[in-house]
Structures are given as C-alpha cells and as structure tokens.
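Commentary on secondary and tertiary structure
What follows is each chain in one-letter form.
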Amino acid sequence: MDYVPVEVKLHILSYLSERDLSQVLLISKHWHLLALDPVLWGKLLPDSSTTDSDLLKVLQKRSLISHFKYNSSKITEGGLSQLLVQFGSTLRYLDLDSCDELSSDLISLLVEHCPNLSYLDLSANPFIDDVTMCQLAACQSLTTLRIRNCDTVTDLGLGMLASQVRLVNLDAGCLLYVRRPTIDALLETSSCILQTLVLDGANLKRRGSHGARKVCKFAELGAAIL
C-alpha cells in the first residue's frame, strides 16, 4: 500500500463508518494522519444501534458534517432536528430513506437550515406528500431527489416541485398517484436538465405510442429512464 496514491487511499477510507475510521487511527502514524482528513469525518453514517445520545456526542466533536445517512438507526426527530440546526449549512447529502421520524416540522427545519443540500432521499415514507413537495420547492440547490414509494405524492405535488427546482436526478418509482400528464410534462419541459428519471411500470402504463416517442426523445438527449 506504500505505493498507492494518497487520493486513492482517501477514496477507500471514505466508505468506512466512523467506528471503522477510529480503528484505522490505531494502525500506524501514516494511517492515523490519513484517517484524520476532515473530508472523511464530514460523513456521518450511524448504524442501527445509534441513539440520540450517541449522535449528540458526535455532534459536539465535529466541526463539519456534509453527508448523513439515517441507516435505520434509533435516532429520533429531536436528534435529527439538532443535526439540521447545527450542521444544516454544511450538509450536501441527506439520506432519510425509511425514516419514521419525519414530520412537517423537520422538513421545515431542513428547508430553513440546509441551503446547500444537493442530494435528498425521502423514499418509503408515508408522511411525504404534496405539502412536502411544496416545501421542498424552496431548496434551490437540490439536484437529486429520491421519493420512491412515497404513496401520497400526487401529480400536483411533483409537478409543483419540478417547476420550481432544477432537478438533475429524480427517482419517482412506485408513486401510485403520479400519472401520464405529469410524466409527459417532465419529459417535455425538463429534458434538458434531467439526466436520470427513474420510473416504474405503474407510471408508464397506458402511455401508448405518443409516450414512447417522448421516452426516445428523452433518451437521445443523454438521459436514462430505468
């Protein structure tokens, strides 16, 4: 490993959790210095046993958090609120997939304190609805949004968000109430912006040849419909 460039080593270390990085600190002086790189500690990846108390201890020691992934942890709305208030300005990546602690107040804090957020995953959460989409329209730095399996999002909410935010990647799979007109509008008005649009059979059924032509047009512009 002595001949491996530092950039490659840091890239490898970026996949490790905070707990694993703590172990790397003990290997040698060389690895200790590498593992202390601020870029690595900008990521916060709790495991399933992490509680609010564990989170608060970490927050007290950090000067920067850019990535956070919920990971089915035991962190409550209170802990998440503290994270957003304290480090919202530095957050770029926020993964709250299957997080049961989401609420209107938490989304409001997200919108208020995370002006630089570019990636947001709210998948598989029954709380996410058209009101949430309207709130997120204020997140002008947002480029990637995943709302897969958010069953209460409809044409109205998704259309409102898409008209206000210049999304580059949108995962709208398994949205039961998003139908052909909204998808057609996305393909017509957002094709020069969107690079990836993830849909599923329920979204695409009954599109017919008219819809198929639009899919081809979208693909020709370098986007991928998966």
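The structure contained in this document is the topic of the report that follows. (Residues numbered from 1 in each chain as written. Predicted model: local features only at pLDDT ≥ 70, side-chain atom pairs only at ≥ 80, totals over all residues. Heavy atoms only, no water.)

1. Concerning the packing of aromatic side chains
To be explicit about the condition: By convention, a stacked pair of Phe, Tyr or Trp rings (six-membered ring in the case of Trp) has centres within 6.5 Å and planes under 30 degrees apart, an edge-to-face pair has planes over 60 apart, and any other such pair is tilted. Put simply, a charge is over a ring when the Lys NZ or the Arg CZ is close to the ring centre, within 6 Å, and near the line of the ring normal, within 35 degrees.
Under the counting rule described, the total for this entry stands at one aromatic pair. For the cation-ring pair, Lys9 lies above Trp31, with the distance from its terminal atom to the ring centre recorded as 5.4 Å.

2. Notes on helix 7 (residues 104-113)
Counted only if it meets this: Burial classes follow relative accessibility: with a 1.4 Å probe on protein chains only, a residue under 20% of its type's maximum area counts as buried, one over 50% as exposed, and anything between as partly exposed. Strands here mean DSSP runs of E at least two residues long; helices mean DSSP runs of H or I at least four residues long; both are numbered from the N terminus. As used here, the arc belongs to the directions running from the helix axis to the C-beta atoms. The contact rule is simple, with two residues in contact once any of their heavy atoms fall within 4.5 Å.
Burial in helix 7 covers these residues: Leu106, Ile107, Leu109 and Leu110. Projection of helix 7 onto a plane perpendicular to its axis shows the buried side chains occupying an angular sector of 155 degrees, all on one side. Turned more than 90 degrees away from the buried face of helix 7, the exposed residues are Asp105 and Glu112. Where helix 7 is buried, its residues touch helix 6 (77-87), strand 3 (93-95), strand 4 (119-121) and helix 8 (130-136).

3. Focus: the environment of Arg92
Structurally, Arg92 can be placed in the loop between helix 6 and strand 3. Note on Arg92: relative accessible area 37%, which makes it partly exposed. When the C-alpha positions of Arg92 and Cys114 are compared, they lie 8.0 Å apart, and in sequence the two are 22 residues distant. In contact with Arg92, other than residues within four places in its own chain, are Ser66, Asn116, Leu117, Ser118 and Tyr119.

4. Things to note about the pattern of salt bridges
Cut-off, in case you're wondering: Put simply, a salt bridge is a Lys or Arg side-chain nitrogen that is within 4 Å of an Asp or Glu carboxyl oxygen.
One pass over the full model with this rule turns up three salt bridges. The residue Asp121 makes a salt bridge to Arg146 at a minimum N-O spacing of 2.6 Å. Remark: Arg146 occurs in strand 5 (residues 144-146) and Asp121 occurs in strand 4; sequence separation between them is 25 residues. Taking relative accessible area as the criterion, Asp121 reaches 1% and is therefore assigned buried. The shortest N-O distance in the salt bridge between Arg146 and Asp171 comes to 2.9 Å. Highlighted residues: Arg146 in strand 5 and Asp171 in strand 6 (residues 169-171), separated in sequence by 25 residues. A relative accessible area of 7% means that Asp171 is categorised as buried. Bridged by salt links that share partners, the residues Asp121, Arg146, Arg148 and Asp171 form one connected network.

5. With respect to the side chain of Ser123
For clarity, the threshold we go by: Polar contact is defined as a pair of N or O atoms within 3.5 Å, subject to the rule that within protein one atom must be able to donate a hydrogen and the other to accept it, and that residues adjacent in sequence are counted only when both atoms are side-chain atoms.
Along the chain, the position of Ser123 falls in the loop between strand 4 and helix 8. The exposure class assigned to Ser123 is buried, which follows from its relative accessible area of 4%. Within the local environment of Ser123, its side chain forms a polar contact with the side chain of Asp121, the two groups lying 2.8 Å apart. Apart from the residues lying within four places of it in its own chain, the contact partners of Ser123 are Leu96, Asp97, Ser98, Arg146, Ile147, Arg148 and Cys150.

6. Remarks on the nonpolar core
Keep this limit in mind: Buried Ala, Val, Leu, Ile, Met, Phe, Trp, Tyr and Cys residues form a nonpolar core when they are joined through side-chain atoms within 4.5 Å.
Judged by nonpolar contacts, the single largest core of 48 residues is most densely connected at Phe68 and Leu136. Elements represented by at least two residues in this core include exactly helix 5 (52-61), helix 6, helix 7, helix 8, helix 9 (155-164) and helix 10 (180-189). Ignoring any residue separated from it by four or fewer positions in sequence, one finds Phe68 in contact with Leu44, Pro46, Leu55, Ile75, Leu80, Leu83, Leu91, Tyr93, Leu94, Asp95 and Leu96. Counting residues in each nonpolar core, the second largest holds nine residues, with Leu13, Leu25, Ala35 and Trp41 among its members.

7. Thoughts on the environment of Ser63
With respect to the helices and strands, Ser63 occurs in the loop between helix 5 and strand 2 (67-69). On the basis of relative accessibility, which here comes to 71%, the residue Ser63 falls in the exposed class. The spacing of Ser63 and Thr90 is 27 residues in sequence and 9.6 Å in space, taken between C-alpha atoms.

8. Details of the environment of Arg148
Along the chain, Arg148 falls in the loop between strand 5 and helix 9. Here the alpha-carbon distance between Arg148 and Gly173, two residues 25 residues apart in the chain, equals 4.8 Å. The residues touching Arg148, leaving out its near neighbours within four places in the chain, are Ser123, Ala124, Asp171, Gly173, Cys174, Val198 and Leu199.

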